[in-house]
Every structure is written in C-alpha cells, then in structure tokens.
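# Structural overview
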Amino acid sequence: MSGEVTAVAAVAPVCGAAFCAGAAVVLAGGRRPAVRRARALLGPPGSAVRVGRRWRAAAVFRTWGGRRELWCLPAGCVVGLLGASWLPLLAGVVAVPLVGRRLRGRERRGAEVRRAAAVIELCAAVAGGLRAGRQPAGALLAAAPGGPAGGPEVLAAARFGGDVPGALRSAAGAPGAQGLAGVAACWQVAAGGGAGLADGLDRVAAALRAERDERDEVQAQLAGPRATALLLALLPCFGLLMGSALGAAPLRVLLHTPAGLVCLVAGGLLEWAGLAWVGRIVRGAHAR
C-alpha cells in the first residue's frame with residue numbers, strides 16, 4: 001500500500017505540470033482584444049477588472065470547447081494518477097494531435113456537406129428568379145447574397161459584368177462545390193435566354209440531389225457497422241472498469257508488470273489495426 005502511495009506521489013507532480021501547461025496554452029490563446037476594450041469602456045476600474053475576468057473565463061471555456069482534443073490531457077492525468085504511472089499521461093499527449101486531426105477532418109467533411117447543399121439551393125433559387133422575370137446576373141445576386149456557395153468572386157463577377165462562368169469554375173474547386181461546374185456550363189451555354197438557363201439549372205439541381213440521396217443512403221447503411229466497430233473498440237475500457245470493480249487492479253497489472261505492458265502494447269496495436277481496417281472499408285464504400 002505504501003508503495004502505491006509513493007508511486008502516486010511521484011506521478012502527481014508530472015500530471016499536474018502537464019495539466020498546468022495545457023491550461024497556460026489555453027489562457028494564452030483565449031485572450032482577446034475585447035477584454036482590453038471592455039476594460040477601457042466599462043465603468044470604474046473594479047467593474048472593468050470583473051468584466052475582464054468574466055471575459056477570460058468565457059474565453060477559456062470557448063477554447064476548451066473549440067479544441068476538444070485538449071481533453072486528452074486531463075484524461076491522461078486522471079488515468080495516470082489512478083494507475084500510478086506516467087504512461088497514460090504520455091499517451092494523452094500523443095493523442096492530442098491525432099484526435100485534433102480527426103476532429104478537423106470531421107469539421108471539413110461537415111463543411112463540404114453544407115457547401116454541397118448550398119449549391120443545390122443556389123440552383124433552385126436562381127432558376128426560380130429567372131422564371132420570375134429577373135436577369136441571370138440579378139437572379140444570381142438575389143440567390144447568393146454571401147452564402148457558402150460561389151463566394152465573393154462569383155458575386156463580384158455577377159455584379160460588375162465579369163466572367164461569371166469562369167468565376168463559377170474557380171469556385172467549383174472548393175470541396176463540396178463541384179456542382180458549380182455544371183452551373184458554369186449551363187450559364188455559358190444558355191445565359192442569353194433565361195428560360196433555357198432555368199431548365200439547365202433545374203437539371204443540375206436534380207442531379208446533385210440524386211447524388212446527395214445516394215450518399216445519404218450509403219451513410220445510413222454504414223451506420224450499423226460503424227456503431228458495432230465503436231462498441232468493440234470500447235469493450236476494453238468496460239473490461240478495465242469491471243476488473244477495477246471486482247478488485248483485480250487491472251491498471252497496476254498493465255502498467256507495472258512486464259506481461260501487462262506487453263499485453264497493453266499488443267492490445268493497442270490490435271485496436272489501431274481494427275479501427276484502421278473499418279476506416280478503410282468505409283472509405284472504399286464512399287468511393288464506389
């Protein structure tokens with residue numbers, strides 16, 4: 001018992017230093033010029049200090065909420081203290097960039113989906129404006145006042161009589177905005193007659209909707225395998241919790257014995273291989 005207490009006492013300063021370092025990074029990144037403006041504009045010095053403190057606290061919460069990968073550090077500290085080892089802390093530090101890259105990729109995919117939906121809405125809105133009697137440039141300006149589809153280059157070209165098809169082709173290079181290439185083709189062929197352009201945009205919108213529905217169907221079919229893979233990936237954690245509840249001390253065995261370290265490394269590699277395999281299957285299904 002005394003040995004475990006000594007080990008925890010040796011690990012606690014390391015975990016505390018790592019957590020404080022992460023908090024310092026958050027505080028440094030969360031500071032905003034708005035704090036200085038609030039102090040300069042609001043009330044007496046005491047109230048300004050209180051406002052500044054509230055701004056700093058809100059900035060810390062926003063930073064931790066916006067950078068969710070930083071939660072790997074306190075999680076590693078907690079597991080390190082429970083297991084009286086610095087290995088979980090090291091794993092938490094290594095997991096921060098990996099989890100961050102995964103989260104950024106998820107955000108990029110979400111932005112791509114939203115941009116694709118905005119292109120479909122743009123086609124429908126421009127076609128509706130043309131049928132209502134607007135000119136093509138006016139219908140485009142009314143349909144896309146600054147949304148994610150098109151962008152400022154397309155709006156500038158439509159407003160000042162520039163090369164709208166060229167601007168649309170340039171904007172089509174953004175992820176999720178590939179449908180703007182079809183809009184550019186329709187615009188170049190049928191911009192002289194509003195009715196022909198409206199029909200072409202309707203066909204482009206219909207094709208993009210069909211592609212989106214097919215993608216959604218693939219996502220729905222992959223939901224079951226993804227949930228199964230996630231459950232299987234979390235089973236070792238449930239096993240550790242059950243062993244701890246039964247008094248078997250699995251963390252001490254895994255982190256302080258040679259056989260436990262071998263099992264930990266082998267299990268981690270197998271876990272990574274399984275997740276990579278599932279990810280490859282999902283990417284292959286999306287590529288078809």
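Fair warning: this is a prediction, and the values are worked out from it, not measured in the lab.

A few words on the pattern of salt bridges. Enumeration according to the criterion identifies four salt bridges in this entry. Across the salt bridge formed by Arg104 and Glu69, the nearest N and O atoms sit 3.3 Å from each other. Pair noted here: Arg104 is in helix 5 (residues 87–131) and Glu69 is in the loop between helix 3 (45–66) and helix 4 (72–83), with a separation of 35 residues, a long-range link. Linking Glu107 and Arg104 is a salt bridge whose minimum nitrogen-to-oxygen distance equals 3.4 Å. Of this pair, Glu107 and Arg104 both sit in helix 5, three residues apart, roughly one helical turn. Residue class for Glu107 comes out partly exposed when judged on its relative accessible area of 40%. Connected through salt bridges with shared partners, the residues Glu69, Arg104 and Glu107 form a single ionic network.

Right, let's get into the nonpolar core. Among the nonpolar cores identified, the biggest contains 30 residues, and Leu140, Leu180 and Leu201 are the most heavily contacted of them. Residue assignment for this core shows that the elements contributing at least two residues are helix 5, helix 6 (136–143), helix 7 (152–159), helix 8 (164–171), helix 9 (180–190) and helix 10 (194–245). Per-element accounting of this core gives the leading share, seven residues, to helix 5.

Fine structural detail should not be taken from predicted coordinates in areas where pLDDT scores are low. Scored by pLDDT, the chain comes out at a mean of 77, with 72% of its residues at no less than 70. Looking across the chain, the model is least confident in helix 2 (residues 33–41), with a mean pLDDT of 45, and most confident in helix 5, with 89. Long-range and interchain partners of residues 1–12, a stretch whose pLDDT sits below 50, account for 11 contacts in this model, where long-range means more than four residues apart. The low-confidence segment residues 45–52 (pLDDT under 50) makes seven contacts with residues lying over four places distant or belonging to another chain.

Here we come to helix 5. With 45 residues, helix 5 should cover 66 Å at 1.5 Å per step; its first-to-last C-alpha distance of 66 Å lies within 8% of that length. Phi turns positive, to about 105°, at Gly133, one or two residues after helix 5.

Scoring rules and cut-offs
- Residues numbered from 1 in each chain as written.
- Predicted model: local features only at pLDDT ≥ 70, side-chain atom pairs only at ≥ 80, totals over all residues.
- Heavy atoms only, no water.
- Salt bridge = Lys/Arg side-chain N within 4 Å of Asp/Glu carboxyl O.
- Helix = DSSP H or I, 4+ residues; strand = E, 2+ residues; numbered from the N terminus.
- Buried < 20%, exposed > 50% of the residue type's maximum accessible area, 1.4 Å probe, protein only.
- Core = buried A, V, L, I, M, F, W, Y, C linked by side-chain atoms within 4.5 Å.
- pLDDT = per-residue confidence, 0-100.
- Contact = heavy atoms within 4.5 Å.
- Expected span 1.5 Å × (residues − 1).

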